[in-house]
Amino acid sequence: MGTAVLLAAAGVSRAYGERVALRTVRLDVARGELVALMGPNGSGKSTLLRIAAGRDRPDTGTVLLDGAPMAENDPRVRARVAVVADTPSWYPDLTVRQHLELVAVGHGADRGRIDAVLRELRLEAHGGSVPGALSSGQLQSLLLAAALIRPRDLLVLDEPEQRLDPGARRRLADVVRAEGARGTAVLYATHHRELALAAHRVVLMEDGAVVADGPADEVLAREEA
Ligand SMILES: Nc1ncnc2c1ncn2[C@@H]1O[C@H](COP(=O)(O)OP(=O)(O)OP(=O)(O)O)[C@@H](O)[C@H]1O
C-alpha cells in the first residue's frame, strides 16, 4: 500500500466573501508521503490545510480520505488526522505532561510514550511547567508533542517552524522524516527551505492556485533559479 492515496482533494475552491482564497486546487497525498506547501503570504496555504484537515469545507470540489468523502465533523477525521494549527491553544492551568495525558486519554493512546515524546522535543525538563512558564518555542513544541502522542495517519502542520530556534527547527525536520518512516503522511506549510527539503514533494502556491508540484529538490531549485 506504499503508494496508496490517503488524501485526495480535487476541484477545491474557497472564497471569503469577495476574496478568493483557493481556485480549483487539486492535491493528492499518499500514505507516508511528506508534502510541503510553499508560497507567498496569502497564497492560500492555510486555507488548503484547514480543508485538508477537515476543519473547513470547500465551496466546490471534493476531499476524500481513504477514498471516502470527508463528512462534516467526521469521526474518521478526528481519529486519523492530527493538526497543529497556526492559532495555538492550550489550558493555562495544566502542565505540559497533563496536556499530553489529556490528549492520550482522549484518543485512547498509549500514555507510556509521553516521556519519549517529551525527550524528542527537548521538553523533558518542563513536564511539570504550565504554559505560562514556557518560552514561545517551547509552547510550539508542546503543540507538536500533543499531535505526536495521538494516533494519526495524516499530520497537518501550519508553519510549524514559527517561534522555533534553528536547533528546534532541525529537530522538527527530523520529526517530519520520522513520521514518513513510520507511515504517517505529513502535509505542512512552511517558509523554510531547510524544512521543505525534508519533504518528498513541494507544492508551490500562488494566488490560490498550485503553480508547481514535484520533487522537493527540483521545485526548490526551479524557485531559486
Ligand atoms: N477567515 C478569513 N476571512 C477573510 N479572508 C481570509 C480568511 N482567511 C484567509 N483569508 C484570505 O484568503 C487568502 C488566503 O489566505 P491564507 O491564510 O490561506 O494564505 P497563506 O498562504 O496561508 O498565507 P500565510 O503564509 O500568510 O499564512 C488571503 O487573501 C487571506 O487574506
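This text follows the structure it describes.
Residues numbered from 1 in each chain as written. Predicted model: local features only at pLDDT ≥ 70, side-chain atom pairs only at ≥ 80, totals over all residues. Heavy atoms only, no water.

(A) Quick peek at the pairing of strand E7 (residues 154-158). Across the five residues of E7, five count as buried, placing the element largely inside the fold. For strand E6 (residues 81-84) and E7, the ladder comprises four bridges, and the chain directions are parallel. Counted as the bridge partner of Ala82 is Leu155 from E7. Strand direction decides the pairing type here: E7 and strand E8 (residues 185-189), joined by five bridges, are parallel. Looking at E8, one finds that Val156 is bridged to Leu187. (Buried < 20%, exposed > 50% of the residue type's maximum accessible area, 1.4 Å probe, protein only. Helix = DSSP H or I, 4+ residues; strand = E, 2+ residues; numbered from the N terminus. Pairing = 2+ DSSP bridges.)

(B) Helix H3 (residues 96-106), seen in detail. Among the residues of H3, Val96, His99, Leu100, Val103 and Ala104 are the ones counted as buried. Relative to the axis of H3, the buried residues are bounded by an arc of 130 degrees and lie together on one face. Turned more than 90 degrees from where H3 packs its buried face, Val105 and Gly106 sit exposed. On its buried face, H3 sits against helix H4 (114-120) and helix H5 (136-149). (Arc of directions from axis to C-beta. Contact = heavy atoms within 4.5 Å.)

(C) Here's a closer look at helix H6 (residues 166-181). The end-to-end C-alpha separation of H6 is 23 Å, in line with the 22 Å expected for 16 residues at 1.5 Å each. Taken together, the buried positions of H6 are occupied by Ala168, Arg169, Leu172, Ala173, Val175, Val176, Glu179 and Gly180. Each buried residue of H6 lies within a common arc of 155 degrees when the element is viewed along its axis, so the set occupies one face. Against strand E3 (34-38), H4, H5, E7, E8 and helix H7 (193-196) lie the buried residues of H6. (Expected span 1.5 Å × (residues − 1).)

(D) Highlighting unusual backbone geometry. Residue Arg163 is not a glycine yet carries a positive backbone phi of 70 degrees. Along the chain, the position of Arg163 falls in the loop between E7 and H6. The class for Arg163 is partly exposed, based on a relative accessible area of 37%. Residue Asp207 is not a glycine yet carries a positive backbone phi of 50 degrees. Looking at where Asp207 falls in the secondary structure, it is placed in the loop between strand E9 (201-206) and strand E10 (209-215).

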